[in-house]
Amino acid sequence: MSRDPYSERVRALFSSPLHAGSMSTPYRVLVDDQGIRIELSATLDGDVIQRLRFRAWGCPHVVAAAEWICTQLEGESAARLQDFAITELMQSLAVPVEKSGRILVVEDAVRALGAAIKESSTIAGQAEQD
Amino acid sequence: MSRDPYSERVRALFSSPLHAGSMSTPYRVLVDDQGIRIELSATLDGDVIQRLRFRAWGCPHVVAAAEWICTQLEGESAARLQDFAITELMQSLAVPVEKSGRILVVEDAVRALGAAIKESSTIAGQAEQD
Amino acid sequence: MTNAAADLVYLDYAATTPVDPRVLETMLRLQGVQGDFGNPSAMHRAGWRSHAHVELAAERLGALLGTSADRLVWTSGATESNNLAIIGAARHRRHRGRHLVTMLTEHKAVTDVFRALQREGFEVSWLRPGPNGVLDLGTLQAAMRADTQLVSIMHVNNETGVWQDIAKIGECCHARGALLHVDAAQSVGKLPLALAELSVDLMSMTAHKLYGPKGIGALYVAKRPDLHLEPLLFGGGQQQRLRPGTLPVPLIAGFGHAAAIAADCMLSDLAQLRTLRDRLWAGISDLPGIRLNGDLAMSYPGLLNVSVADVEGESLLLALEPLCVATGSACNAQNQEPSYVLRALGLSDAAAQGAIRFSIGRPTTRDEIDFAIRQYRHAVQVLRTMSPDVAA
Amino acid sequence: MTNAAADLVYLDYAATTPVDPRVLETMLRLQGVQGDFGNPSAMHRAGWRSHAHVELAAERLGALLGTSADRLVWTSGATESNNLAIIGAARHRRHRGRHLVTMLTEHKAVTDVFRALQREGFEVSWLRPGPNGVLDLGTLQAAMRADTQLVSIMHVNNETGVWQDIAKIGECCHARGALLHVDAAQSVGKLPLALAELSVDLMSMTAHKLYGPKGIGALYVAKRPDLHLEPLLFGGGQQQRLRPGTLPVPLIAGFGHAAAIAADCMLSDLAQLRTLRDRLWAGISDLPGIRLNGDLAMSYPGLLNVSVADVEGESLLLALEPLCVATGSACNAQNQEPSYVLRALGLSDAAAQGAIRFSIGRPTTRDEIDFAIRQYRHAVQVLRTMSPDVAA
Ligand SMILES: Cc1ncc(COP(=O)(O)O)c(C=O)c1O
Ligand SMILES: Cc1ncc(COP(=O)(O)O)c(C=O)c1O
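What counts, and where the lines are drawn
- Residues numbered from 1 in each chain as written.
- Chains lettered and ligands numbered in written order.
- Predicted model: local features only at pLDDT ≥ 70, side-chain atom pairs only at ≥ 80, totals over all residues.
- Heavy atoms only, no water.
- Pairing = 2+ DSSP bridges.
- Helix = DSSP H or I, 4+ residues; strand = E, 2+ residues; numbered from the N terminus.
- Axes fitted to C-alpha atoms, helices over the stretch in contact; angles between N-to-C directions.
- Buried < 20%, exposed > 50% of the residue type's maximum accessible area, 1.4 Å probe, protein only.
- Salt bridge = Lys/Arg side-chain N within 4 Å of Asp/Glu carboxyl O.
- Contact = heavy atoms within 4.5 Å.
- Buried area = accessible area lost by both parts, 1.4 Å probe.

1. Structural notes on the sheet that holds strand β9 (residues 290-292) of chain D
Residue and element names in this part refer to chain D.
Here is step 1: Read from one edge to the other, the open sheet built from three strands follows the order β9-β10-β12, with strand pairing classed as antiparallel. Two strands lie at the open edges of the sheet, namely β9 and β12 (355-359), each paired on one side alone. Strand-to-strand, the axes of this sheet are offset by a mean angle of 25°, without reference to chain direction.
Here is step 2: Pairing analysis gives five bridges linking strand β10 (residues 303-308) to β12, with the strands arranged antiparallel. When the sheet's bridge partners are listed, Leu 303 is paired in β12 with Ser 359.

2. Section: unusual backbone geometry
Here is step 1: Of note, the amide linkage connecting Glu 321 of chain C to Pro 322 of chain C takes the cis form, showing an omega dihedral of 5°.
Here is step 2: Here Pro 322 of chain C shows up in the loop between α8 (313-319) and β11 (323-324).
Here is step 3: The backbone of Gln 239 of chain D shows a phi angle near 55°, a positive value even though the residue is not glycine.
Here is step 4: In this fold, Gln 239 of chain D is placed in the loop between β8 (217-221) and α7 (249-284).
Here is step 5: Take Gln 239 of chain D: its relative accessible area is 9%, and that puts it in the buried class.
Here is step 6: Within the chain, Arg 241 of chain D stands out as a residue other than glycine whose phi angle is a positive 65°.
Here is step 7: Looking at where Arg 241 of chain D falls in the secondary structure, it is placed in the loop between β8 and α7.

3. Observations regarding the pattern of salt bridges
Here is step 1: Counting across every chain of the model gives 66 salt bridges over all chains.
Here is step 2: Between Arg 11 of chain A and Glu 321 of chain D there is a salt bridge; the shortest N-O distance is 2.4 Å. Within this pair, whereas Arg 11 of chain A is found in helix α1 (residues 8-15), its partner Glu 321 of chain D is found in the loop between α8 (313-320) and β11 (323-324), the two belonging to separate chains. Accessibility classification places Arg 11 of chain A together with Glu 321 of chain D in one group, the buried group.
Here is step 3: Arg 102 of chain B is paired through a salt bridge with Glu 314 of chain C; the nearest N and O atoms lie 3.7 Å apart. Taken together, the residues span two chains, with Arg 102 of chain B in helix α5 (residues 100-129) and Glu 314 of chain C in helix α8.
Here is step 4: On the accessibility criterion, Arg 102 of chain B (23% relative accessible area) is partly exposed.
Here is step 5: Overall, the relative accessible area of 5% leaves Glu 314 of chain C in the buried class.
Here is step 6: One salt-bridge network, held together by shared partners, links Asp 4 and Arg 11 of chain A, Arg 45 of chain C together with Glu 321 of chain D.

4. Observations regarding the sheet that holds strand β2 (residues 72-75) of chain C
All names here are of chain C.
Here is step 1: Strand order in the open sheet formed by seven strands is β2-β8-β7-β6-β5-β3-β4, and the pairing between neighbours is mixed. The two strands at the open ends of the sheet, each matched to only one other strand, are β2 and β4 (123-127). Taken pair by pair, the neighbouring strands of this sheet meet at an average axis angle of 20°, ignoring direction.
Here is step 2: Pairing between strand β6 (residues 179-183) and strand β7 (residues 202-206): three bridges, direction parallel. Across the sheet, residue His 181 finds its bridge partner in β7, namely Leu 202.

5. Considering the interface of chain C and chain A
Here is step 1: Taken together, the contacts link 10 residues of chain C with seven residues of chain A.
Here is step 2: At the boundary of chain C with chain A, total buried surface from both sides reaches about 830 Å², with 52% on carbon and sulfur atoms.
Here is step 3: If you sort the residues of chain C by the area they bury against chain A, Arg 45, Trp 48 and His 51 of chain C come out on top, with a joint share of 59%.
Here is step 4: In this structure, the connection of chain C to chain A is made through one salt bridge.

The analysis is restricted to geometry; functional conclusions fall outside its scope.
Structural data, given as C-alpha cells:
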C-alpha cells in the first residue's frame, strides 16, 4: 500500500527545476552521503547571494528541496546559509518523515556552501587586513 | 460445493406421489432401518399385484424410489417382488452412489412384501390341502 | 409472488446476500481499462488512485464499527479472518499458556480452527449455551483459568440468530487477562456495534453477508501493546506483513460502500426485518409440534429457525421449492448430518434434521413471507401424510 | 496519445491488468438480486445454479492449462497459492526430510514463505541463475540431495520476464523424488502450458494478471498418491477441506472466463506483444549506458526491463509521468531498496535502483509505445543533465 508521496508543490518544483545547473565560481560544494549527491554553486554580489544553482542525484524530494532552496535563498544574505535548517522546507513540501534523513543531506550542502563562502571571505578579509 | 442432486424424474415422482397412501390389506410391511421408514401395502388379483401403495419417511430419493416402484410393479406378478433389485431404479432415477445404502432399504421393503405375500399364499395353499 | 432471483423465492440471506446495486457500480468503476484498476502497491498515479479507494473503504468500515481505519486488515472472508485471529493470537501467546475457550455452537470456521490448535497441543474448553442458545456468563467465568489466553465467542449465531452479550463477555475476558475474539460474520452491518466501547480484541467479518461482494473480509485488531498475531501467509509485505497479497481494490471498495449503506439504513432494516419475521412466525407457529429454535427476544430479527420432529429435512427442503431456505449451516450443507448447533441446544437428531432456517433480507417483501408461510404449511402437511406411523 | 486509464499511459500490466469487459459482464450477472448470487454450498436451486458457474470456471481454467477441472483449488491469489503449496507440502513431508530448493530471484510470495519455513527448521538452498536470469540445470542438479522434498521455481520472472525450462526442471526433480512447485502468476494465460505433459506437481496462479478480477487465484495440485497438502485454513469443509470459505462465485466465474479468452487469443497476443516490445527496445537501445536486464530470447515478450546506471530510480519514475511503469517488483515498491532480483543478476545497487520495467498488455497501442520511447529518452536526458559529475 502506498499513497501519492508527492505534493503538487513537489511535482511543480521537480518538473521545472529552474535553478538546475552548475556555474564555475569559487563558491561551489559537493556533498555525497547516503547515496545522494548534491552540488551547489553560488555567485555573490557583496554579501548577497546573486545566483544559486544545484545539481542533484537523488529522489524527487531531494531535487525539489534543492530547487526550493535556490528559489528561497537567491537575494538573501550569504550568512543565512550557515544556519539554514530544513524545518520549514519539510513542512512546505510535505516531505514524508522517513525521507528526513535525505533532506538533511541537502541541509548539509547548504551549510557547507555557507561555510565555504565564509571561509573564503575570511581569507579575503584577512588578505585585505594584511 | 454441491450440485443439484435431483433429476427431473426424481422431482416429478417426488412432487406427484400418486401412490402415496396406505391400505388395510393383509399384504402390508414396514421396514425401519438407517433412519428410514418405508411402508408398502398391496392388494392382489390372484397372483397379480392390483394396487401398490407406499408411505415413507426419508430423503427425496427414497420417496421417489418408492413411487417409482409402485408405478413399475402394479400389474406385475407378485412373484417378481421377491427378487426385486434396485439396479435399474438407481440408474433410471440417477441416484447418487452415496445414497445407495438408503435405496437398499427400499429394496428390503419390496422383498419383505414379496415374502409376506408368498408366506400367506403358502399358508392359504396349505389350508386348501388340509 | 414477487421474488429475488427470477423464479425463486430467496429466504437464505444468512448464507449470502446479493450485492447492492450501488456497491456493484462502485466496483465496476475500479475494474475496466478506463477505471482505477491499478495495483495499490505501485509507485505511480494509477497505483495511488487505487490506494485512495482502499483508504476510503477502511474509513467507511471503521465508521460502521466505531473504530479507526488503521485497525482493519483485509482478508478473503470471515473464514480467513477467524483463522488469522485465532491461530495467529494463540501461536503468538503459546509461551504464556495453552488454554483456549470457545462455544460448542460456533461456526465451523471457528470450531475447526480450535480443533487444529488442539492437535498442536492447545487445550480447549468447549462451552455449551443454554437451551435458548444464550451463553451464561457464569459458565464462561467458571471455564477461565490462569493460563487462558484467548476466548472466541460469536456475536450472532448463523443458525439460530441468537446473539451473545459481547460487552459483558469482553469484560470477563479482560478481567482474567485473556483476549476476546468475536466472529461477527452475521452481525456486522446488521446490528449496532461500537468497538471503541467494547472489550473486543479481534473481530471477524465478511462482506457477502451485508450486500457486499464475496471473497473479501476483514479482521479488526485492537490497539493493545500485548496483542500481536503470527501471520498465516507470507509474501509481498502488504498490510504490514500481516496479510500479504495484491489488495483486491474493487472488493475492498465494495465492502466499504456496503458498510456505508449498512450504517445508513441499519435501523430501518431492523424494523422491517422484525415485522416480517414476526409475521412469518405468526403464520406457522400454530402448526402442531412446531418448535422455535433459539430465542426471539435475544436474536437478530432477520432469522427464524423452526423445526417439526416428524418430517424429514431433505424432503422438506425439496417440498419447499421454489423457496430457497437452509437446514443447518449453509457451509456444511453437503454433509447431511443433523446440525451440531441445534443438537447442542438439546434437540433430538430428528428434530435437528428437520429444522429450517428462514433468513430475511433487505429485499424481502411481505408477499414473499406470505408465500413462505403457505409453502411451509403445505409441505409439512404433505410430508406428514406421507409418513408411516411409527407403529404401523 | 491514446491511453488506458483516461489521462495515464499504463505500461504496468505485469503488476495488474484491467478486467476484460466480457469478464466484467459475466461477473455482473452473478451478483445482483436478479442474478445467480447464491451460496454454492447451499442445498437449494439458488445454490446449485451458483455451483454450476464454479464447475464451468474450473473446466475453462483446466482447459487452458491442459489439466482436468478437479485438480484446481480456488484461493485468494498467487500469494495464498504459493503459501498453501509450499508450506502445505513441506509440512506434510516434514518427516521424510527437511531440505528445500528455490531461486534467489523468486517473487517475495515465494522467498518469504521459504524464510518462514527456515524458521521452522527446514533447510533451504537458494539457487542463483546466470546473469541473464536463466537457471542452469546443472546448478539445480548439484543442489538436489537425498532428503530434498520440494523445489520451487517460477515460470516467468515478474521483473525481467525471463522464463525457466519447467519441463526439464520437472524431470530433474522427479528423477530425485522431489516435488516441483511452479509460481506461474506471470505466465498463466500468457504462455502455452500443458500440465498433462509436464512433471509439475503444484502450480500457482492469480486472475488479475490475465484480465480477470483481483482477489482470486488457484492452485493446481497434480494427482499423485504421495502428494498431500496440509491446509492453512480450517472451516466449513469447502474444497475437500483444503481451502474452506464461501466460494466467491463471481470471481471464480470471472477467472474462468478470463482463462477461456486467454486460451483463444494467446497466440495473437504473443505476436502483438513481441512487435511492441521490439519496437520499444529499438527506440531506446541506442541510449548511452543502457542495459537490458534479462534475455530477450528467453522471455515473455510482454515485458522489458532496462536500466541506466547514472539516473536515480524514483526520480526517473516521476519524470516519466504520466507513464505508469515499475521499478523492481510492484509488490515491494513501498520499500525503496534496489531490486534483489536484479542484484542477483549481477547489477550494481545503482543500476538496479534505476531499472524500469515496462510491461505491455492486450490493450497497448503502438502510439503508447512511441509515447513511452519519447518520454523515457527525455527523462533520462533531463536527469542526467541534472546529475552532478561524480568528481565535480
Ligand atoms: C458465523 C459465521 N462465521 C464465519 C462464516 C464464514 O464466512 P466466509 O464463508 O465468508 O469465510 C460464516 C458464513 O458462512 C458465518 O455465518
Ligand atoms: C511471480 C509472482 N508471484 C506471485 C505474485 C502474487 O500474486 P497476488 O498478489 O495476486 O497474490 C505475483 C504478483 O504480484 C507475481 O508476479
